[in-house]
Amino acid sequence: MARKSPSSNSLQVRQLSCERDGRVLFAGLDFELGAGQALQVEGANGAGKTTLLRTLIGSAGDFTGEIAWNERAFPAALPDLRAHLLYIGHGAGVRRGLTPLENLAWYGAGRGEAMRALEQVDLFGFEDSLCHQLSAGQNRRVALARLFLPGAPPLWILDEPLAALDVAGVSALQGQMACHLSRGGSILFTSHQPLALAGLRTLNLSEYATEEPEPLAEEGTDVFA
Ligand SMILES: Nc1ncnc2c1ncn2[C@@H]1O[C@H](COP(=O)(O)OP(=O)(O)OP(=O)(O)O)[C@@H](O)[C@H]1O
């Protein structure tokens, strides 16, 4: 059978509805993400952005509708999707008892390429520090350094990659995302912040909500007081 070219990878979502604890978070979602394309998933807190991303990587199964990778439907397509996927979740996946270099080695990076990636995220000098001694933003940079390793997989699914990053960090990430897209990669990410990427599409999950969330407080009560 002819092997599909990496530049023709695509993720298709048709009439997707996701539930959590019996509550439908959103319904009727349709989109396609092809090579060289980026999609930013937006929506209010609790709209289901993380749930959507976890559903797309096969870690949350409570959905109806169709998800397909290269026109092959889930769950049969999951092994192939995962072989082409770089996922960075909310928790960043950084092992705090290891150093940044050891974290990247765990993902198969050699010392030279790991050092270059850590330099790209401005962590030069911290490569041998234990991650639990680094700040939240520095730990986020350790996670994001995986995007700067050579041979990164074509599909990036990133949950709040900008969280805790300073202005320089956002700029470095934006540059790397643009570079990935120009090489035919694709990116699906959540963010509450705007990101300047050519051709970026947005998808607001709040527009697909089917039920109003329970009120958090009585009307007129300032929960932040
Ligand atoms: N651990 C959990 N157990 C049960 N229900 C949960 C859990 N985490 C989230 N939920 C429910 O799932 C819904 C969607 O959560 P999700 O984390 O996907 O939202 P989100 O859009 O990513 O939110 P945020 O912007 O705050 O990160 C929430 O409204 C909440 O009711």
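For the structure itself, consult the block above.
Note that the structure is predicted; figures quoted are calculated from it, not measured.

## Here's the deal with the nonpolar core
In step 1: Membership of the largest hydrophobic core comes to 51 residues, with the highest contact counts inside it found for A117, A145 and I187.
In step 2: Excluding anything up to four places from it in sequence, A117 contacts L104, A109, A145, F148 and L149.

## Observations concerning the sheet that holds strand β1 (residues 10-20)
In step 1: Here four strands make up an open sheet; going across it, the order is β2-β1-β4-β5 and the pairing antiparallel. On the outer flanks of this sheet lie β2 (23-34) and β5 (72-73), each paired with one strand and no other.
In step 2: Sheet analysis places strand β4 (residues 63-69) next to β5, joined by two bridges and oriented antiparallel. Counterpart to W69 in the pairing with β5 is R72.
In step 3: Contacts between helix α1 (residues 49-56) and the sheet are confined to β1, β2 and β4, with β1 contributing the most and set at about 125° to the helix.

## Points about the sheet that holds strand β8 (residues 186-190)
In step 1: Taken together, five strands build an open sheet; the order of strands is β6-β7-β8-β3-β9 and the sheet is parallel. The strands lining the two open edges of the sheet, one partner per strand, are β6 (85-88) and β9 (201-204). Ignoring strand direction, the axes of neighbouring strands in this sheet form an average angle of 15°.
In step 2: Examined bridge by bridge, strand β3 (residues 38-42) and β9 share four bridges and lie parallel to one another. Note on β9: the bridge partner recorded for L39 is R201.
In step 3: Helix α6 (residues 167-182) rests against β3, β7 (155-159) and β8 of the sheet, and its axis sits at about 145° to β8.

## A look at unusual backbone geometry
In step 1: Note the cis peptide between F74 and P75, where omega equals 0°.
In step 2: By secondary structure assignment, the location of P75 is in the loop between β5 and α2 (78-83).
In step 3: One non-glycine residue with positive phi stands out, namely E71, at about 70°.
In step 4: Examined against the element boundaries, E71 turns out to sit in the loop between β4 and β5.
In step 5: Residue E71 is classed as exposed on the basis of its 9 C-beta neighbours within 10 Å.
In step 6: Backbone geometry places A164, a non-glycine residue, at a positive phi of 75°.

What counts and how
- Residues numbered from 1 in each chain as written.
- Predicted model: local features only at pLDDT ≥ 70, side-chain atom pairs only at ≥ 80, totals over all residues.
- Core = buried A, V, L, I, M, F, W, Y, C linked by C-beta atoms within 7 Å.
- Buried ≥ 20, exposed ≤ 12 C-beta atoms within 10 Å, placed from the backbone.
- Contact = placed C-beta atoms within 7 Å.
- Pairing = 2+ DSSP bridges.
- Helix = DSSP H or I, 4+ residues; strand = E, 2+ residues; numbered from the N terminus.
- Axes fitted to C-alpha atoms, helices over the stretch in contact; angles between N-to-C directions.

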